[in-house]
Amino acid sequence: MPIPDDVTGNELDKDVRQELKSLPKTLAEDVAKNLVMVAKLLDEEPEKAYAYAKVALRLASRVAAVREAAGFAAYGVQKYAEALAEFRAARRMTGSVHLWPVMADCERGLGRPEKALAMAGEPEVQKLDKAGQVEMRLVAAGARRDMGQAEAAVVTLQSPELASHSVQPWTARLRYAYADALLAVGREEEAREWFARAIEADQGGTTDASDRLAELDGVEFMDALDPDADREDDLEGPEDLGQGPEAGGDGADER
């Protein structure tokens, strides 16, 4: 896999670079560059990230950071069984529990929400930091919805973290999930309020809460770059509206 000249491997977190020191220098450098490419491409081009992860895994399968990166790359392309295997391997190597929530989400991806829900009650959850515990709550709520327990999903997301006025990196996603859960049980006005609160916390644009809120308010967006948009406006002059058999004589817009 080609790697740009400006990728050195030094972009990695220092802890990962420390792990790679167990490898011969040249090999460590090659693995580091592939891991950088995984991180760069994971969100926008997950298939390419997965390909780089496979290279790193072939070069250094005994390095926990490599197994973890391979897990996230597989997760990104919805290869949940493979991702779960890599996460389990990384956990065996390090003894860390920080991957517990994403492991549970892999169980959901494999169609085993009951297993994901069981994991939410395991002692490992108490060892997670606050961000990890919130993530586990999100996974558990998703598992409840997978099982057709929409009301239980709403209750699962109710927590001190949700009620807090402070904004943390996970706040927007938690509020968004709660709004979506409320909407699923028909509590539209409350959902609207929580989508708005998600927007307040979503400084990085990690959710589409603004679109969801606009949808609830009946706002429709038109792509200004869509060449067909102007054409449709031209066709909808006073003399065109409501004319022709397809319009039913009432000027209905079928879009």
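Residues numbered from 1 in each chain as written. Predicted model: local features only at pLDDT ≥ 70, side-chain atom pairs only at ≥ 80, totals over all residues. Heavy atoms only, no water.

Now for the nonpolar core. The biggest cluster of nonpolar side chains holds 47 residues, and the ones touching the most others in it are Leu20, Val31, Leu35 and Val66. Mapped by element, the contributors of at least two residues to this core are helix 2 (25-41), helix 3 (46-59), helix 4 (64-76), helix 5 (80-94), helix 6 (100-109), helix 7 (113-119) and helix 8 (130-146). Ignoring any residue separated from it by four or fewer positions in sequence, one finds valine 66 in contact with Leu20, Val31, Leu35, Ala56, Leu57 and Ala60. Counting 21 residues, the second-largest nonpolar core is a separate cluster that includes Leu138, Trp170, Tyr176 and Phe195. (Core = buried A, V, L, I, M, F, W, Y, C linked by side-chain atoms within 4.5 Å. Buried < 20%, exposed > 50% of the residue type's maximum accessible area, 1.4 Å probe, protein only. Helix = DSSP H or I, 4+ residues; strand = E, 2+ residues; numbered from the N terminus. Contact = heavy atoms within 4.5 Å.)

Quick look at the packing of helix 8 against helix 9 (residues 150-157) now. As a packed pair, helix 8 and helix 9 sit with axes 7 Å apart at the nearest point and diverge in direction by 170 degrees. It follows that helix 8 is roughly antiparallel to helix 9 by the angle criterion. Contact with helix 8, carried on its side by Arg137, Leu138, Ala140, Ala141, Arg144 and Arg145, involves Ala152, Ala153, Thr156 and Leu157 of helix 9 and no other residues of that element. Tallied by class, the residues present in the contact of helix 8 with helix 9 amount to six nonpolar, one polar and three charged. (Axes fitted to C-alpha atoms, helices over the stretch in contact; angles between N-to-C directions. Parallel < 35°, antiparallel > 145°, perpendicular 65-115°, else oblique. Nonpolar A, V, L, I, M, F, W, Y, C, P; charged D, E, K, R; others polar.)

Moving on to unusual backbone geometry. What you tend to see is this: most non-glycine residues have negative phi, and most peptide bonds are trans. For glutamine 78, which is not glycine, the phi torsion reads 65 degrees and is therefore positive. Within the fold, glutamine 78 resides in the loop between helix 4 and helix 5. Looking at glutamine 78, the relative accessible area reads 58%, which means it is exposed.

Let us look at helix 2. The first and last C-alpha atoms of helix 2 sit 25 Å apart over 17 residues, in line with the 24 Å expected at 1.5 Å per residue. Along helix 2, the residues that are buried comprise Ala28, Val31, Ala32, Asn34, Leu35, Val36, Met37, Val38 and Leu41. Buried positions along helix 2 lie against helix 1 (14-20), helix 3 and helix 4. (Expected span 1.5 Å × (residues − 1).)

All told, the structure shown has 15 salt bridges when counted by the stated rule. Here lysine 54 ties to glutamate 82 by a salt bridge, and the two come within 3.2 Å at their closest N and O atoms. Of this pair, lysine 54 sits in helix 3 while glutamate 82 sits in helix 5, and the two are 28 residues apart along the sequence. A residue is classified by how much of its surface remains accessible, and lysine 54, at 34% relative accessible area, is partly exposed. Here the salt bridges share partners, and the residues they tie into one network are Arg88, Glu107 and Arg112. (Salt bridge = Lys/Arg side-chain N within 4 Å of Asp/Glu carboxyl O.)

Among the secondary structure elements, glutamate 161 is positioned in helix 10 (residues 160-163). The buried category is assigned to glutamate 161, whose relative accessible area is 14%. A polar contact of 2.9 Å, which involves the side chain of glutamate 161, links it to the side chain of lysine 130. (Polar contact = N/O pair within 3.5 Å; in protein donor to acceptor, adjacent residues only side chain to side chain.)

Looking at the chain, the pLDDT average stands at 89 and 86% of residues meet or exceed 70. Contacts for the low-pLDDT stretch residues 235-255, under 50 throughout, to residues beyond four places or in other chains number 15 contacts. (pLDDT = per-residue confidence, 0-100.)

Our next topic: helix 12 (residues 188-201). Given 3.6 residues per helical turn, the α-helix brings residues three or four places apart onto the same face. Between the first and last C-alpha of helix 12 there are 20 Å, a value that for 14 residues agrees with the 20 Å anticipated at 1.5 Å per step. Of the positions making up helix 12, those classed as buried are Ala191, Trp194, Phe195, Arg197, Ala198 and Ala201. Viewed end-on, helix 12 has its buried residues packed into an arc of 160 degrees, placing them on one side of the element. Looking at helix 12, the residues exposed on the side facing more than 90 degrees away from the buried face are Glu189 and Glu200. Check the buried side of helix 12 and you find it contacts helix 10, helix 11 (171-184) and helix 13 (209-216). (Arc of directions from axis to C-beta.)

Next up on the list: the side chain of glutamate 124. Tracing the backbone through its elements, the reader meets glutamate 124 in the loop between helix 7 and helix 8. Since its relative accessible area comes to 16%, glutamate 124 is described here as buried.

Moving on, we get to the environment of glutamine 168. Following the sequence through the fold, glutamine 168 ends up in the loop between helix 10 and helix 11. By relative accessible area, glutamine 168 is classed as partly exposed at 34%.

Moving on: the packing of aromatic side chains. Within the structure shown, the criterion is met by four aromatic pairs. Where phenylalanine 72 meets phenylalanine 87, the ring centres are 4.9 Å apart and the plane angle is 70 degrees; that geometry is what we call edge-to-face. Of this pair, phenylalanine 72 sits in helix 4 while phenylalanine 87 sits in helix 5, placing them 15 residues apart in sequence. The exposure class of phenylalanine 72 is partly exposed, given its relative accessible area of 30%. Seen from their ring centres, tyrosine 178 and tryptophan 194 are 5.1 Å apart, and the 90 degrees between their planes marks the pair as edge-to-face. Of this pair, tyrosine 178 sits in helix 11 while tryptophan 194 sits in helix 12, and the two are 16 residues apart along the sequence. Across the pair, exposure class does not vary: tyrosine 178 and tryptophan 194 are buried alike. For arginine 197, the ring lying beneath its charged end belongs to tryptophan 194, and the centroid distance is 4.2 Å. (Phe/Tyr/Trp six-rings, centres within 6.5 Å; stacked < 30°, edge-to-face > 60°. Lys NZ or Arg CZ within 6 Å of the ring centre and 35° of its normal.)

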